[in-house]
Amino acid sequence: MKGLAVWLPAALLAGCVAVPGGVDEDHLARSQVLNQRDVFPDLDPGVNETQSQHFQARAYGSGKAMQAADLAETAYQRLMVDTGLSSFAPTAGRYKIVLYASPEEYRRKTGQPGWSNGVTVGSTIYSYEGGHLDGLLSHELSRLVFYDYVGHVNLDHRWVSEGLAVYEESKAGQPASGGVAPPMPAWPQGWQPLPLDYIIRMAPATDRDRTLSSWHLQAESLVRFMIERGGRTGFGQFLGELRQDASFDKAVAASFPGTWRDLADLYASWAKAQQ
């Protein structure tokens, strides 16, 4: 990718050091937002392309492409409801989906590690056919929209983008009108919340263990709390404040007046609600 203009979300900037002579699997699986055309090999002959309002999907057979576009549109509309960004549209046209036939083709052509079931490069989501697709599209699309809407990269925003992505992934299968997120599992006995500064500054490099990672679970819980307790309209304004490069404290105060004074107040209210 040498010489390409790169817009990197925070996921890419908390890098891991590769073992000499080995493969840095975390690096391979980081989603990237790049100003470039497709970088992975295309599908084999027999590809079909379908366009919907917000997506261009490529897969083997019109039915598979249409299904992917339909799943993505439902996930997109659900995200718009949850974020209060109903008037938002992709800034560079339709987002793309490339759907390989199998995990083997996906990993062979993208070079992703065995645990990866999807990756985003530029405005294109790469994955493969299978039952995971609804959740994967919900997750990756949330990050795409977050960075597309906010329009710039700030490392401190990672917990918001990832928390939103995990939250939306949990709602896969729900209607486009928003639906109800399944309840989070109870925190283990003796659980203590990660400090706020840790949540902001110590984001994992990838989603490799997002279903088990305390950081991912707490980031999701915080975002869920803002959306479900603070309200979707307020959360949409919160994202708008981040778009204007406001501090977290200013964004919280402006978006949830009378509810939370600043980020520390939001965090304290969230932590109390977990008891």
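Sequence order as written defines residue numbering, which begins from 1 separately in each chain. Only residues with pLDDT of at least 70 get local features here, since the model is predicted, and only at 80 or more are side-chain atom pairs given and counted; chain-wide, interface and lining totals rely on the full set of residues. Note that water and hydrogens are dropped before the side-chain values are worked out from all heavy atoms of the structure.

Which residues make up the environment of Glu-228, and what values do they have?
Take Glu-228: it is sitting in helix 8 (residues 214–230). What makes Glu-228 partly exposed here is its relative accessible area of 47%. Residues count as neighbours in contact if any of their non-hydrogen atoms are within 4.5 Å of one another. Residues within four places of Glu-228 in sequence aside, it is in contact with Tyr-167 and Ala-181. At 2.7 Å, the side chain of Glu-228 and the side chain of Tyr-167 are in polar contact. Secondary structure follows DSSP: runs of H or I at least 4 residues long count as helices, runs of E at least 2 residues long count as strands, and numbering of each begins at the N terminus. For each residue, the accessible area found with a 1.4 Å probe, counting protein chains only, is set against the maximum for its type, and the residue is called buried under 20%, exposed over 50%, and partly exposed in between. A 3.5 Å cut-off defines polar contacts: any pair of N or O atoms within that distance qualifies, except that in protein one atom must be a possible hydrogen donor and the other a possible acceptor, and neighbouring residues in sequence count only when both atoms are side-chain atoms.

Tell me what's going on with empty space enclosed by the protein, and back it up with residues and numbers.
Here the term cavity refers to a set of points on a 1 Å grid, laid over the protein atoms alone, in which a 1.4 Å probe fits but cannot get out; the term pocket refers to an open set having protein on both sides within 12 Å along at least five of seven lines, with lining residues being those that place an atom within 4 Å of a point. Grid points are joined across faces, edges and corners, and a volume is the space filled by probe spheres set on the points. For the coordinates displayed, the defined rule picks out three cavities of 30 Å³ or more. Here the second largest cavity is characterised by a volume of approximately 40 Å³. Together, Leu-79, Thr-83, Leu-85, Ser-142, Val-145, Phe-146, Leu-164 and Leu-239 line the second largest cavity. Of all elements in the fold, only helix 3 (62–83) and helix 5 (133–150) reach the threshold of two or more residues within the lining of the second largest cavity. Per-element tally for the lining of the second largest cavity: the top contributor is helix 5, with three residues. Three classes are used: nonpolar for Ala, Val, Leu, Ile, Met, Phe, Trp, Tyr, Cys and Pro, charged for Asp, Glu, Lys and Arg, and polar for all others, with Gly counted as polar. Residue composition of the lining of the second largest cavity, grouped by class: six nonpolar, two polar and no charged.

Describe the packing of aromatic side chains, listing the residues and the values that go with them.
Each Phe, Tyr or Trp ring, with Trp reduced to its six-membered ring, pairs with another whose centre is within 6.5 Å; inter-plane angles below 30 degrees give stacked pairs, above 60 give edge-to-face pairs, and intermediate values give tilted ones. Per the counting criterion, the structure on display carries 17 aromatic pairs. For the ring pair Phe-40 and Tyr-126, a centre distance of 4.8 Å and an interplane angle of 75 degrees mean the geometry is edge-to-face. Placement of Phe-40 in the loop between strand 2 (33–34) and strand 3 (47–51) and of Tyr-126 in strand 7 (residues 124–128) is noted, with a sequence separation of 86 residues between them. Exposure remark for Phe-40: the relative accessible area of 16% places this residue in the buried category. Since its relative accessible area comes to 1%, Tyr-126 is described here as buried. Seen from their ring centres, Trp-159 and Phe-248 are 5.6 Å apart, and the 55 degrees between their planes marks the pair as tilted. Taken together, the residues Trp-159 in helix 6 (residues 158–170) and Phe-248 in helix 10 (residues 248–255) connect sequence positions 89 residues apart.

Explain the pairing of strand 4 (residues 55–60) to me, and be specific about the residues and the numbers.
Of all six residues in strand 4, six are buried, a share of seventy percent or more. Of the two faces of strand 4, the one holding Phe-55, Ala-57 and Ala-59 and the one holding Gln-56, Arg-58 and Tyr-60 are both buried throughout. For strand 3 and strand 4, the ladder comprises five bridges, and the chain directions are antiparallel. Within strand 4, the residue paired with Gln-51 across the bridge is Gln-56. Paired strands are those between which DSSP finds at least two bridges. With antiparallel pairing between neighbouring strands as the criterion, strand 3 and strand 4 make up a hairpin whose turn holds three residues. As paired elements, strand 4 and strand 5 (residues 95–100) share four bridges and run parallel to each other.

If you had to explain helix 4 (residues 103–110) to someone new, which residues and values would you point to?
Listing the buried residues of helix 4 in full gives Glu-105, Tyr-106, Lys-109 and Thr-110. The buried residues of helix 4 occupy an angular sector of 105 degrees when the element is viewed end-on, so they sit on one face. Pointing more than 90 degrees away from the buried face of helix 4 are the exposed residues Glu-104 and Arg-108. Here the buried face of helix 4 lies against strand 4, strand 5, strand 6 (119–121) and strand 7. Among the residues trailing helix 4, Gly-111 stands out with phi positive, at a value near 75 degrees. Taking the helix axis as origin, the arc is that swept by the directions to the C-beta atoms.

Lay out the sheet that holds strand 6 with the relevant residues and their values.
Strand pairing in a sheet takes place through backbone hydrogen bonds and is either antiparallel or parallel in direction. Read across the open sheet, the five strands follow the order 3-4-5-7-6; overall the sheet is mixed. Looking at the sheet topology across the chains shown, the edges are occupied by strand 3 and strand 6. Averaged over all pairs of adjacent strands, the angle between strand axes in this sheet comes to 20 degrees, irrespective of strand direction. The pairing of strand 5 with strand 7 spans five bridges and is classified as parallel. What sits directly across from Val-98, in strand 7, is Tyr-126. Fitting a line to C-alpha atoms yields each axis, with helices limited to the stretch in contact; the angle taken between N-to-C directions then spans 0 to 180 degrees. Where helix 4 meets the sheet, it contacts strand 4, strand 5, strand 6 and strand 7, and its direction lies at approximately 135 degrees from that of strand 7.

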